[in-house]
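# A look at the structure
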Amino acid sequence: MHEQEALSEQERLRREARQQLEAMGVDPYPPGDFEVTHWSADIVSGFEANEQAFAGMTVAVAGRIMARRIMGGASFCTLQDAKGRIQIYLKRDDLMQDGNASLYEVVWKKLLDLGDIIGVSGEVFRTRTGEISIHARTLKLLSKALRPLPVVKEKEGQLYDEVTDPEFRYRQRYVDLIINPESRRVFLQRSQIVQSMRSFLLQRGYLEVETPILQPIYGGALARPFVTHHHALDMKLYLRIANELYLKRLIVGGLNGVFEFAKDFRNEGMDRYHNPEFTMLELYVAFKDYVWMMDLVEEMLEQVVMELHGSTQVTVGSQRIDFRRPWPRLPLLDALAQRTGRQIADMDDAALRATAREFGVSLDETAGRGKIIDELFSTLCEPHLIQPTFITDYPVEMSPLARRHRSRPGLVERFEVICNGKELCNAFTELNDPLDQRRRFEEQLELGRRGDPEAMQLDEDFLRALEYGMPPTAGVGIGIDRLVMLLANAPAIQDVIFFPHLRPEKH
RNA sequence: GUCUCCGUAGCUCAGCUGGUAGAGCAGCUGACUCUUAAUCAGCGGGUCACAGGUUCGAAUCCUGUCGGGGACACCA
């Protein structure tokens, strides 16, 4: 076996232990018929709440050996299961089998290791030093670990030798989850956040749907797609960059409100805020507009935060962010006017460029009016918006799927929520005029011809759907990963995605 | 993509301006029947990311490659 030579000393020893176990008739990977009666954390909290009921109760737990303290004929072991940790007390005299001490002396002391998964049954009690523990009467190996687990020790909340290497944590998330409670916390909160949002939307009668990930025409956002190939049809397919156009087709189809927690894929650079695949909630509701949608978003996020933290406030880094309604609503041009002291709205492109230069905002030569305004806003205003704020009414050039503003020419009925200096969601009154939509697509095609790799494609079928008539509709997209980063106070997107994209590991 | 920092034992890290690799934890052997970062005594464990180069001699200096972090660019 050529892999043998690469094994470390500890790995070799564990393989030998496995063989010895088998030789003794102990199956290192027995079938899962060990009946777990309790979770560690429930025993501990139950005992604390009602000592009389729990003291002496026989329980069966299963989990991973995280620490061992062997003192000859007696031992203590820290067992970790899905809900927490509990101490196990093992005594040789109590684990005798027909006068044979080998379960304790050989299996437990010699052949089991940190990281092994065991099942234990025994009575709950409190040790002399006060720790709630299980006095083991049976001990069963449930799965032998052949690799040593990094050992993180802890005293009075202080961690020692904590594994902090991000590469290790992301590549071997399974280990990260075992040894890093902070990592578990973030992912549990992610799940809670998604559940809160889902029940909020279901409660209002909206329908959770699924739409294609493989799309012949990509649309719904400005981004470069991943391309793949369908062999049987011999055609190019794209991994979706958004599901917007499909959800709007469903609104045409008469569904009143639809949402999807969608994995989207964008072929762009990766950093702390960008993973090539990420999750977006999109929601579309018929007979509503973007003002109504602001109310809904406010209400939903306030409730999500409340359910997560028991308060509307979140601590993010050094900032304290309060999601209590209502949030300020500020037109984008007003925000810029406040920052610059200029009336941006009245400026022509040349004056805009001059303003950008004056405030040190660098611009692409080809940037049009919308792009310049967007650039000014994101460098001058966005970083200063810490508390959740609605920024409304964006330039039409930047928003090919949004309805023109009912009273402000050149703008669309769109808002973003900016929070902690970053976009949290993007919404508009949807464009449902098929002829206007066709013109906007054609403008995108022109951008594409001029070499913009992120310009949209023209989707004839989507236009056909609009021609049948789409009710006035409000839509919103919320980046789930970034929302979780914010609410769970995680510094990087890689901390909220179980298996973030990394370059392949070299062997 | 550019710049920059980093890669040493299973884990956390030390190793100065070049002299042939070290600690704690984990592991192994032994002692110990209420410990908790258990303790005590002893012992093993390394392709110093990889490939070249300079040198009598490279973990250390140089170049390149791979991987990761940070910043910028691009981007929602």
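Residues numbered from 1 in each chain as written. Chains lettered and ligands numbered in written order. Predicted model: local features only at pLDDT ≥ 70, side-chain atom pairs only at ≥ 80, totals over all residues. Heavy atoms only, no water.

## Observations regarding the sheet that holds strand β10 (residues 226–230)
The following threshold applies: At least two bridges found by DSSP between two strands is the condition for calling them paired. In DSSP terms, a helix is any run of H or I states spanning at least four residues, a strand is any run of E spanning at least two, and both are numbered starting from the N terminus.
The three strands lie next to each other as β9-β11-β10, forming an open sheet whose pairing is antiparallel. Every other strand in the sheet has two partners, leaving β9 (214–215) and β10 as the edge strands with one partner each. Strand direction decides the pairing type here: β9 and strand β11 (residues 235–239), joined by two bridges, are antiparallel. For Leu214, the partnering residue across the bridge sits in β11 and is Leu239.

## Structural notes on the protein's contact with RNA strand B
Quick note on the threshold: We call a residue near a molecule or strand as soon as one heavy atom of that residue lies within 4 Å of the molecule or strand. Polar contact criterion, stated in full: a pair of N or O atoms within 3.5 Å, where within protein one must be able to donate a hydrogen and the other to accept it, and residues adjacent in sequence count only if both atoms are side-chain atoms. Amino acid classes used here: Ala, Val, Leu, Ile, Met, Phe, Trp, Tyr, Cys and Pro are nonpolar; Asp, Glu, Lys and Arg are charged; the rest, including Gly, are polar.
As a structural note, the neighbourhood of RNA strand B is formed by 56 residues, with Glu9, Thr129, Lys153, Glu167 and Leu222 the closest of them. Taking Gly73, its main chain carries an N or O atom lying 3.4 Å from a phosphate oxygen of RNA strand B. At 2.8 Å, a side-chain N or O of Lys110 approaches a phosphate oxygen of RNA strand B. For the surface near RNA strand B, the elements supplying multiple residues, two or more each, are α1 (9–23), β1 (58–71), β2 (74–81), β3 (84–91), β6 (153–155), α5 (166–171), α12 (369–381) and β18 (411–419). Of the residues assigned to the surface near RNA strand B, the class counts are 19 nonpolar, eight polar and 29 charged.

## A word on helix α9 (residues 290–309)
Heads up, the rule is: Any helix carries an expected span of 1.5 Å times its number of residues minus one. Working definition: with a 1.4 Å probe on protein chains only, accessible area under 20% of the residue-type maximum means buried, over 50% means exposed, and in between means partly exposed.
An ideal rise of 1.5 Å per residue puts 28 Å on 20 residues; α9 measures up with 28 Å between its terminal C-alpha atoms. Every buried residue belonging to α9 is among Tyr290, Met293, Met294, Leu296, Val297, Glu298, Met300, Leu301, Glu302, Val304, Val305 and Leu308, and all of these are buried. Where α9 begins, one side-chain oxygen reaches toward the backbone nitrogen of Val291, 3.2 Å away; that side chain belongs to Asp289.

## Focus on the environment of Pro491
Within the secondary structure layout, Pro491 lies in the segment after α15 (480–487). Judged by its relative accessible area of 54%, Pro491 is exposed. Between the C-alpha atoms of Pro491 and Val316, which are 175 residues apart in sequence, the distance is 8.8 Å.

## Considerations on the nonpolar core
Note the cut-off: The criterion is simple. A nonpolar core is a set of buried Ala, Val, Leu, Ile, Met, Phe, Trp, Tyr and Cys residues joined through side-chain atoms within 4.5 Å. In what follows, residue pairs with any heavy atoms lying within 4.5 Å of each other are defined as contacts.
Judged by nonpolar contacts, the single largest core of 48 residues is most densely connected at Met197, Val297, Phe323 and Phe415. Among the elements that take part in this core, α9 stands out by supplying 10 residues, more than any other. Those residues in contact with Phe323, other than ones at most four positions away along the chain, are Leu301, Glu302, Val305, Thr312, Val314, Pro388, Cys419, Leu424, Leu486 and Leu487. Core analysis: the next-biggest nonpolar cluster, separate from the first, contains 41 residues, Leu247, Ala335, Ile344 and Ile391 among them.

## Let's talk about the domain arrangement of chain A
Stated precisely, the cut-off is as follows: The split of the chain into domains comes from an automatic or database domain assignment.
Looking at the assigned domains, one finds that chain A contains domain 1 (9–143) and domain 2 (181–328 + 387–495). Centre-to-centre, using C-alpha coordinates, domain 1 lies 49 Å away from domain 2.

## Here we look at unusual backbone geometry
The peptide bond linking Arg325 to Pro326 adopts the cis configuration, its omega dihedral lying at -15 degrees. Within the element layout of this structure, Pro326 appears in the loop between β15 (319–322) and β16 (329–331). A positive phi angle is found at Asn420, which is not glycine, with a value near 55 degrees. With respect to the helices and strands, Asn420 occurs in the loop between β18 and β19 (422–429). Although it is not a glycine, Asn489 sits at a positive phi angle of roughly 55 degrees. Positionally, Asn489 belongs in the segment after α15. Given the relative accessible area of 35%, Asn489 is considered partly exposed.

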